[in-house]
Amino acid sequence: MLLIDCPWCGPRDECEFSYGGEAHIKRPENPDKLSDAEWADYLFMRTNPKGRFPERWVHTHGCNRWFNAVRDTVTHDISATYGMGEDGPEGRS
Amino acid sequence: MKRQRYRMPDGGRIDRSQPLHFTFNDRSYQGYVGDTLASALLANGVAIIGRSFKYHRPRGVFSAGAEEPNALVQLEQGSHTQPNLRATQIELYSGLKAESINCWPSVDFDLWSLIGLFGRIFPAGFYYKTFMTPNLLWPIYERIIRQAAGLGRAPSDPDPDRYENINTHCDILIIGGGPSGLSAALKAGQSGARVILADEQNEFGGALLGSDDEVDGGPALDWVEKTVGELEEMAEVRLLPRTTIFGYYNHNFLTAVERVTDHLGVSDDPLPRQRSWRIRARQVILASGAIERPMVFENNDRPGVMLASAASTYANRYGVCFAKRVVVFTNNDEAYRTALIFKKFGIHVSLVDVRPEFNGDWPRKATAAGVEIIFNSAVTGTRGRRKVKGVNISAFGMDGNLGETRHLSCDLLAVSGGWNPTVHLYSQSGGTLTYDKQRMCLIPEKAGQAVNVVGAAKGTFELERCLKEGAREGARVAKNLDFVGSGSVRSKSKTVLENEQPLQPKWLIPSRKHPEGGPSHFVDLQTDVTVADIALAAREGYDSVEHLKRYTTLGMGTDQGKTANINGISILSGIRGEELPSVGHTTFRPPYTPVTFGALAGRQVGQFLDPLRRTPIHHWHTRAGAVFENVGQWKRPWYYPVLDEDMNDAVVRECRSARKSIGILDASTLGKIEIKGPDAADFLNLIYVNSWNNLEVGRCRYGLMLGEDGMVMDDGVTSRMAEDRFFMTTTTGGAARVYSWLEEWLQTEWPEMEVYLTSVTENWATITLVGPNSRKLLGELTDDINLDLKSFPFMTWREGKVAGVPARVFRVSFTGDLSFEINIPARYAISVWTACMTAGEKYAITPFGTEAMHVLRAEKGYIVVGQETDGTVTPGDLGMERMLSKKKDFIGRRSLARVETLRSDRKQLVGLDTEDPSTVIPIGSQIVATTKKRPPMDMIGYVTSSYYSPNLKRSVALALVKSGRNRHGERVYLPMENGTISALICNPVFFDPEGERLNG
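One structure accompanies this document, and this report is about it. Note that the structure is predicted; figures quoted are calculated from it, not measured.

The interface is formed by 25 residues belonging to chain B together with 23 residues belonging to chain A. Together chain B and chain A conceal approximately 2200 Å² of surface at their shared face, both sides included; 44% is due to carbon and sulfur atoms. Looking only at chain B, the three residues that lose the most surface to chain A are His251(B), Gln747(B) and Arg894(B), adding up to 31% of its buried area. Applying the counting rule to chain B against chain A returns seven salt bridges. Two residues, Asp36(A) and Arg894(B), come together in a salt bridge whose shortest N-O distance is 2.9 Å. For the pair chain B and chain A, the interface holds 21 residue pairs in polar contact (both at pLDDT 80 or more). When residues in the side of chain B that touches chain A are grouped by element, the largest group, six residues, is from helix H20 (residues 735-748) of chain B. Looking at side-chain class alone, the side of chain B that touches chain A contains nine nonpolar, six polar and 10 charged residues.

Shown next, in the form of structure tokens:
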């Protein structure tokens, strides 16, 4: 079980959190301008890197706040947690 | 009652003043406090404990610990029974009852053992190859195989025992209370760090418990006692004996099971039987010791063949010596200890050493003690059918081959092939292992987490070095966490003997009988995997360790191959002609030893498994005799049978009353969310498909919520309470999901919006009055709400008092009839409900449950999200495309313009008019346009809701059918097991299609 450092509550067990998938995916400003393929890319396509991965978590059984974390998908090492809308160590891309 | 004929008159850590009586296979025996079941059985001369998994060969005690592959028993009976427990780890208690497993009719006379005679036809992969075809016969094969091959029986009744879970944090978790673990704990404890020391045995000491070593110039066990005493005095140190750390997970999260009262037997003790620990440790010191490696030779599985360290342990720790003549077979120095221990008890000992003659302290001391040493030789096989009676030994010739066989009689064969560090937890933690060519074993290489290995677990086998390493690491790890304390001087053990001769890497001893010829050279005693099986697997191409494991079942028993894997891998590497490191090893996975489900579940069983939610009116429903239905965690009245009514009668009566006069429904389970803030209306615009800016205060609107994929996710009525305040209702089952959904969007995508969400599901109780008389009844209960049609039109809400209680009344309808949803603070719910029932008596007010509610809404073709929808249904599919706002964006809108969602042959909501009006189609039935004699047929849709409507005196069904809206009037068929149902596709609104009844 991971130990996740909630930016609001501090380190807590993973079972208090819910996972929210890849971070920094912005909802398109104007969906109508997108082709079906571009919309599908926003909707379904996610990166699946081996290594450091910015992802979203929510402290469901705690403060109920969403935040971002950078987790290494190989070692599970969480190198940073930071608030929504903030830039992580990896930037936003 | 039998005398303990192999118990020595004194010595050991058992209490001879406290005898314990127990039964094994229905025979009574006696042992002592401090015994394990295994030691007590050995003391009583019970050689055969069980039968082997596949060949049903007699098997006895092989080890003295967690690695035991053979001596598995079924402990206790009835609901208390536990299968496959290791007799070597069961502490004896008064009245213990155990049985052998996997034998029929008895362990001493097992008919299945005939299989052993035909071993040649039961090689690895036998089942896969033999029982492949025909498929039809597989159930029969399976039954026979399961009876023949197998382990203990699972209990058939619920577990009556109590278990606990406990969570804790510590600075340093030390795993293993042997010499290195204790030294580490002492130093770490002295530093002031918060320390947990866990050991699987009933007392600390580890390997010292079975040895005759010395520490600080006195018996090692005196040192253990002194050290444990000191640790007990330390406020921040927690000692956990009888506790197995069985799993090592991410971020130094470890799980353990503490056997709190197992050693007391079946009792009414208020303490839990076991407690499972979840430990988050900043640092771990792994001092898990080592497991002795067996030798592989012909018939190496007979009762009386035992690991040398186990033989020493039974003698030293338990005062059991069941042999008159002992043969020790070794490739290393370690077994000389065992020889000396038995010699000390005056037993005749021969020591067979595969190494050439050498001069050293061990042989010198052994010879001086009178041990007969036979160098450069090997045990090539054992004799004795039910127990070892003797061994065959051969000397190695100049060419390395074995020469003439000679016989030595003995009744105990102690084998030692060196030691394998217990690296299971290290490997689970993500640490890598490397093959140490000097010590010939797998040792920790690179740690994946904050874990530090000491002692035998690291390949440090000498006591003095273990003490040193433990103390050093204990202090270092504590210091790294900023704990520095003053410690005592480190304990020392002088090395007893020097001139150590290295182990000779020889574990597999061929014999006259070719080791690949049949079941003779056992590698995995628990799963009956032999050298022949490994060779066969390699020949057939299963020559990677992972394939070998799965093809032969090597290491797949309940012991996970603790004594088998390394031998198996080294035999495979021999066959492949490669060095062991390049062959690799299989993955170690939790649990280290089996854990009972009860310990994992803890108190979360029965009513504590999941929260149960009851509405504030629940007790009234119970008294009214309601039958309840589970809706998520909620208990909802399903129907209210009167007298001897069955479900059908009750539902018919409830449906009729609701349409004819008045029905009353407890709708408190509806999800309710208050949405507040200046941007609330804009937020709703994004969440719902329809528009909210223009909704006036006091009005309600039905909203449809989509996922970003355009699929219907939830629906419900939302009302405007004030300019900046809305009251949203959701489906009962969707309440939590919708609330999280709204929060997610607010926090992650639109944080600039000023909107606040509050879940108020449990704050408001909802009582729904349905039917033409509901206005009259409500009028009697309120004097400050004007109920006329004009002042209180459909889809509006009013505030006032109902039965003297402040209420919000919503004129909405889920039945198509005049209806009022009265929301009152939950604590007043029962009084308002009772007031409605009392005042409604003259109208024959009828409480109705969820089943009648479903019938009433299905008559009207109203959908239920999750019943008519399944995550693949768009608003268009439901005929609700007119609700979609064209003036704004909303979640899911863009997806509705995808080619896929625009297809005209999507499944669409329709009604089904059955040819025979009394036929109620089973929900989920598949629909075809044309029938064929037998499946497969082309399916064009399926039934989502189907009921008998007492108001229409006919069945009603809703279905999703391809291009359904263009097919009204078409005939379709529903092929059933017995015959086919015929129906016409029709409008899904069966009752009051003009909606005239809404206003009463």
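From this point on, the discussion continues.
A few words now on helix H9 (residues 361-369) of chain B. Residues and elements named next belong to chain B. Listed in full, the buried residues belonging to H9 are Asp361, Trp362, Pro363 and Ala366. Close packing links the buried residues of H9 with helix H8 (334-344) and strand S20 (372-374). Just beyond H9, the residue with positive phi is Gly370, at close to 100°.

Let us look at the pairing of strand S2 (residues 27-33) of chain B. Residue and element names in this part refer to chain B. By the bridge criterion, seven bridges tie strand S1 (residues 15-24) to S2 in an arrangement that is antiparallel. Bridged to Asp15 within S2 is Val33. If you look at the hairpin formed by S1 and S2, you'll find two residues sitting between the two strands, and Asn25 has a positive phi there, around 50°.

A few words on the sheet that holds strand S34 (residues 671-676) of chain B. Residues and elements named next belong to chain B. Reading across the sheet, the five strands line up as S35-S36-S37-S34-S38 and stay open at both edges, with antiparallel pairing between neighbours. One side of each edge strand has no neighbouring strand; the edge strands of this open sheet are strand S35 (700-706) and strand S38 (756-759). Taking the axes of each pair of neighbouring strands and ignoring which way they run, one obtains an average angle of 30° across the sheet. In terms of strand pairing, strand S36 (residues 712-722) meets strand S37 (residues 725-730) through four bridges, oriented antiparallel. For Ser719, the partnering residue across the bridge sits in S37 and is Phe727.

Taking strand neighbours across the sheet as the criterion, the four strands line up as S3-S4-S5-S6 (chain A) in an open arrangement whose pairing is antiparallel. Where the open sheet ends on each side, the last strands, each with one partner, are strand S3 (18-22) and strand S6 (78-83) of chain A. Going from strand to strand, the sheet's axes swing by 30° on average, the running direction of each strand aside. Bridge count for strand S5 (residues 66-72) of chain A against S6(A) is five bridges, and the pairing is antiparallel. Opposite Asn68(A), over in S6(A), you have Tyr82(A) as the bridge partner. Helix-sheet contacts for H20(B) involve strand S4 (52-58) and S5 of chain A, and the interaxial angle to S5(A) is about 80°.

Let's shift gears to the packing of aromatic side chains. Inspection of the entire model under this criterion finds 25 aromatic pairs over all chains. Members of the aromatic cluster, each reached through a chain of ring pairs, are Phe17(A), Tyr19(A), Trp57(A) and Phe67(A). Directly above the ring of Phe522(B) sits Arg59(B), whose terminal nitrogen or CZ lies 4.8 Å from the centroid. The ring of Trp507(B) has Arg293(B) lying over it, and the distance from NZ or CZ to the ring centre is 3.3 Å.

Here we take up the pattern of salt bridges. Applying the stated criterion across every chain yields a total of 52 salt bridges over all chains. In this structure, Arg653(B) and Glu645(B) form a salt bridge, with 2.7 Å as the shortest nitrogen-oxygen distance. We classify Arg653(B) as partly exposed; its relative accessible area is 25%. In this structure, a network of salt bridges that share partners links the residues Arg27(A), Asp32(A), Glu708(B), Asp889(B) and Arg893(B).

Looking at the secondary structure, you find Thr796(B) in the loop between helix H21 (774-781) and strand S40 (797-802). At 2.6 Å, the side chain of Thr796(B) and the backbone oxygen of Pro793(B) are in polar contact.

Attention now moves to the packing of helix H7 (residues 308-318) of chain B against H8(B). Residues and elements named next belong to chain B. Closest axis-to-axis distance for the H7/H8 pair is 9 Å, and the angle between their directions is 30°. As judged from the angle between their axes, H7 and H8 are roughly parallel. In this structure, the crossing between H7 and H8 has a hand that is left-handed. For the pair formed by H7 and H8, the contact residues are Ala308, Ser309, Ala311, Ser312, Ala315 and Asn316 on the first element and Ala335, Thr338, Ile341, Phe342 and Lys344 on the second. Looking at side-chain class alone, the contact of H7 with H8 contains six nonpolar, four polar and one charged residues.

Cut-offs used in this document
- Residues numbered from 1 in each chain as written.
- Chains lettered and ligands numbered in written order.
- Predicted model: local features only at pLDDT ≥ 70, side-chain atom pairs only at ≥ 80, totals over all residues.
- Heavy atoms only, no water.
- Contact = heavy atoms within 4.5 Å.
- Buried area = accessible area lost by both parts, 1.4 Å probe.
- Salt bridge = Lys/Arg side-chain N within 4 Å of Asp/Glu carboxyl O.
- Polar contact = N/O pair within 3.5 Å; in protein donor to acceptor, adjacent residues only side chain to side chain.
- Helix = DSSP H or I, 4+ residues; strand = E, 2+ residues; numbered from the N terminus.
- Nonpolar A, V, L, I, M, F, W, Y, C, P; charged D, E, K, R; others polar.
- Buried < 20%, exposed > 50% of the residue type's maximum accessible area, 1.4 Å probe, protein only.
- Pairing = 2+ DSSP bridges.
- Axes fitted to C-alpha atoms, helices over the stretch in contact; angles between N-to-C directions.
- Phe/Tyr/Trp six-rings, centres within 6.5 Å; stacked < 30°, edge-to-face > 60°.
- Lys NZ or Arg CZ within 6 Å of the ring centre and 35° of its normal.
- Parallel < 35°, antiparallel > 145°, perpendicular 65-115°, else oblique.
- Left-handed = near helix turned anticlockwise from the far one by under 90°.

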